[in-house]
Amino acid sequence: MISRTRLALAACLAFPSGAFGAPVVAVAPTTVPMTIANNHVYVDVTLNGRGPYHFVLDSGAPYGLLDRAVATELGLGIKAREPIGGVGARSSPAGDATLTSVAIGGRELPDRRFIVTPLRDTVGTAEGRVLDGVIGSDLFETVVTTVDYARGVVVLDDDFTSAMQGGAHAIPLKFHDGLPQVACRLERAPGRCTIDTGSRLGATIFAPFVARYPKLVPAHASAIGVDGFGLGGPAYGRLARLHSLAFGGFVLRDLACDYSTQREGAFADPETAANLGGAILRRFTVTFDYRGRRLALRANAAFALPDRIDRSGLFLIATDTGTIAVLDVRPGSPAAEAGVRAGDLVIAADGTDIAANDLPALRDALAQPDRARTTLRMTRAGDAREAELRLRDLIE
């Protein structure tokens, strides 16, 4: 869920359900390579015959997003509109623009409207790679879309039946504020969970649901820190393990979860139990059939693997100067104990110089379960310093 505007506030504004342009003409299934970075699904897209541009495929986005610099490059006319919000508490400036053609693989979606916003300067800072746009329900509403995490491909089809091969589970979908949801159970607490390929996290349990079921939060949950970042800025929460999460006939156990403390933004929705993101979805092949209001899930080889989360207490972002900055340090974490502060710039890790495009790899290194320590070289107000982090699991 890179972005979201509350339906009560915007009613999807210019883009009500079913108003996303002409339908896609039925063709043979199209297989599109995808790249996984930060648990986000990236696909290459051509816009008005130009590209490729690098888009995140986001089932948690009720509208498409285009970076303002890309819109300017394409010479698009941009109409003013209300700001849009997301997982954080702030809003982002926005405009509307129409693309005559959006093509993914061999599939062309004509006459598509997008919301234009400075994605690279907001969401993109947490990615460490180029983010040109987000494609959401605009695609999912027009074609059956399969995200095959194990094979590293997205398959676009007009037929849902092929998704049911190999023991897949078919699950009814309901939509809330334009977002796909399934019935779920968090331990003994029933609710509805959003299926969100645009979130890098596993399960984010919404603050109103936590307030309703306070016993869900273990006594040994971590201190509050930044757990996610999207339009609207950082999202805060506590980390702890959930004993069981059931949905679609599957049960996942001992999951590292984000227990959101957000009082504003998408994660403060009182009608949703949790948001299920890439760290959970990558255990499956996931097929979305919005028109048929159904989802297919087939477990892959990663289904029972233990999840991995950050073991440093750092939340890092890229800067517009090409460096990596510390956005947040979780209290009581290895980074806090080593004296790292928000605003420090990380210029090397274990003796190797790093830059903004190394951010995904650095995050992965800080989550390795067998890594005992790492040494970061940083600058603070121009002064160089080193910090040795003694990495450890932040949750039991």
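Residues numbered from 1 in each chain as written. Predicted model: local features only at pLDDT ≥ 70, side-chain atom pairs only at ≥ 80, totals over all residues. Heavy atoms only, no water.

1. Thoughts on the overall build of the protein
- Looking only at helices and strands, one finds seven helices and 30 strands in the protein.
- For the protein, the spread of C-alpha atoms along the three principal axes comes to 60 × 50 × 40 Å.
- Burial analysis of the protein (396 residues in total) assigns 56% to the buried set.
- For the protein, restricting intrachain contacts to residue pairs at least 6 apart in sequence, the fraction spanning at least 24 positions comes to 67%.
- Accessible surface computed for the protein: about 15,800 Å², of which carbon and sulfur atoms make up 52%.
- Taking the 42 positively charged and 43 negatively charged side chains of the protein as two groups, their mean positions are separated by 5 Å. (Helix = DSSP H or I, 4+ residues; strand = E, 2+ residues; numbered from the N terminus. Buried < 20%, exposed > 50% of the residue type's maximum accessible area, 1.4 Å probe, protein only. Contact = heavy atoms within 4.5 Å. Areas by Shrake-Rupley, 256 points an atom, 1.4 Å probe, with all protein chains shown as cover. Lys, Arg positive; Asp, Glu negative; His and termini not counted. Charge placed at Lys NZ, Arg CZ, Asp CG, Glu CD.)

2. Thoughts on the packing of aromatic side chains
- Evaluation of the coordinates by the stated rule reveals eleven aromatic pairs.
- A ring pair is formed by Phe206 and Phe267, whose centres lie 5.3 Å apart and whose planes are at 40 degrees; its orientation type is tilted. Here the residue Phe206 occupies a position in the loop between strand S18 (203-205) and helix H4 (207-212), and Phe267 occupies one in the loop between strand S21 (250-260) and strand S22 (274-276), the gap between them amounting to 61 residues. A single burial state applies to Phe206 and to Phe267, both of which are buried.
- On the basis of an interplanar angle of 50 degrees and a centroid distance of 5.7 Å, the ring pair of Phe250 and Phe303 is categorised as tilted. On the criterion of sequence distance, the pair formed by Phe250 in strand S21 and Phe303 in the loop between strand S24 (294-299) and strand S25 (314-318) is long-range, its members being 53 residues apart.
- In this structure Phe250 comes out as buried when scored by relative accessible area, which is 12%.
- An aromatic cluster is present here, built from Phe140, Phe175, Phe288 and Tyr290 joined pairwise through their rings.
- The positively charged end of Arg129 is found above the aromatic ring belonging to Tyr42, 4.1 Å away from the centroid.
- Cation over ring: Arg363 sits above Phe315, and NZ or CZ is 5.5 Å from the ring centre. (Phe/Tyr/Trp six-rings, centres within 6.5 Å; stacked < 30°, edge-to-face > 60°. Lys NZ or Arg CZ within 6 Å of the ring centre and 35° of its normal.)

3. What about the pairing of strand S20 (residues 233-247)?
- Where strand S16 (residues 179-186) meets S20, three bridges bridge the pair, whose relative direction is antiparallel. By the bridge assignment, Arg185 is partnered in S20 with Ala246.
- Alignment of strand S19 (residues 225-230) against S20, held across five bridges, turns out to be antiparallel. Pairing of Gly228 across the sheet is with Ala235, part of S20.
- Note that S20 and S21 share ten bridges and pair antiparallel. Residue pairing across strands places Leu239 opposite Asp258, the latter belonging to S21.
- Where S20 folds back onto S21 in an antiparallel hairpin, the turn is made up of two residues, including Gly248, whose phi is positive at roughly 60 degrees. (Pairing = 2+ DSSP bridges.)

4. Thoughts on the layout of surface pockets
- A volume near 1,100 Å³ is recorded for the largest pocket.
- Forming the walls of the largest pocket are 41 residues, and the residues nearest its centre are Asn39, Arg200, Ala279, Arg308 and Ile309.
- Contributing elements (two or more residues each) for the lining of the largest pocket: strand S2 (35-37), S19, S21, helix H5 (278-281), S25 and helix H7 (359-366).
- In the lining of the largest pocket, the residues fall into 24 nonpolar, five polar and twelve charged. (1 Å grid on protein atoms, 1.4 Å probe; cavity = no way out; pocket = protein on both sides within 12 Å on 5 of 7 lines; lining within 4 Å. Points joined across faces, edges and corners; volume = space filled by probe spheres on them. Nonpolar A, V, L, I, M, F, W, Y, C, P; charged D, E, K, R; others polar.)

5. Points about unusual backbone geometry
- Pro52 follows Gly51 through a cis peptide bond whose omega is 10 degrees.
- Inspection of the secondary structure puts Pro52 in strand S4 (residues 50-57).
- Not every positive phi belongs to a glycine, and Asp111 is a case in point at roughly 50 degrees.
- Tracing the sequence through the fold places Asp111 in strand S10 (residues 107-117).
- According to the relative accessible area criterion, Asp111 is partly exposed, its value standing at 45%.
- Here Ala381, not a glycine, exhibits a phi torsion of approximately 55 degrees, which is positive.

6. Details of the nonpolar core
- Of all hydrophobic cores here, the largest spans 64 residues; its most connected members are Leu47, Leu66, Leu186 and Phe247.
- Among the elements that line this core, the one with the most residues is S21, at five residues.
- Leaving out residues up to four positions away in the same chain, Leu47 has contacts with Tyr53, Phe55, Leu66, Val70, Leu74, Leu99, Ser101 and Val102.
- Of all hydrophobic cores here, the second largest spans 19 residues; its members include Ala349, Leu359, Leu376 and Ala387. (Core = buried A, V, L, I, M, F, W, Y, C linked by side-chain atoms within 4.5 Å.)

None of this, on its own, says anything about what the molecule does.
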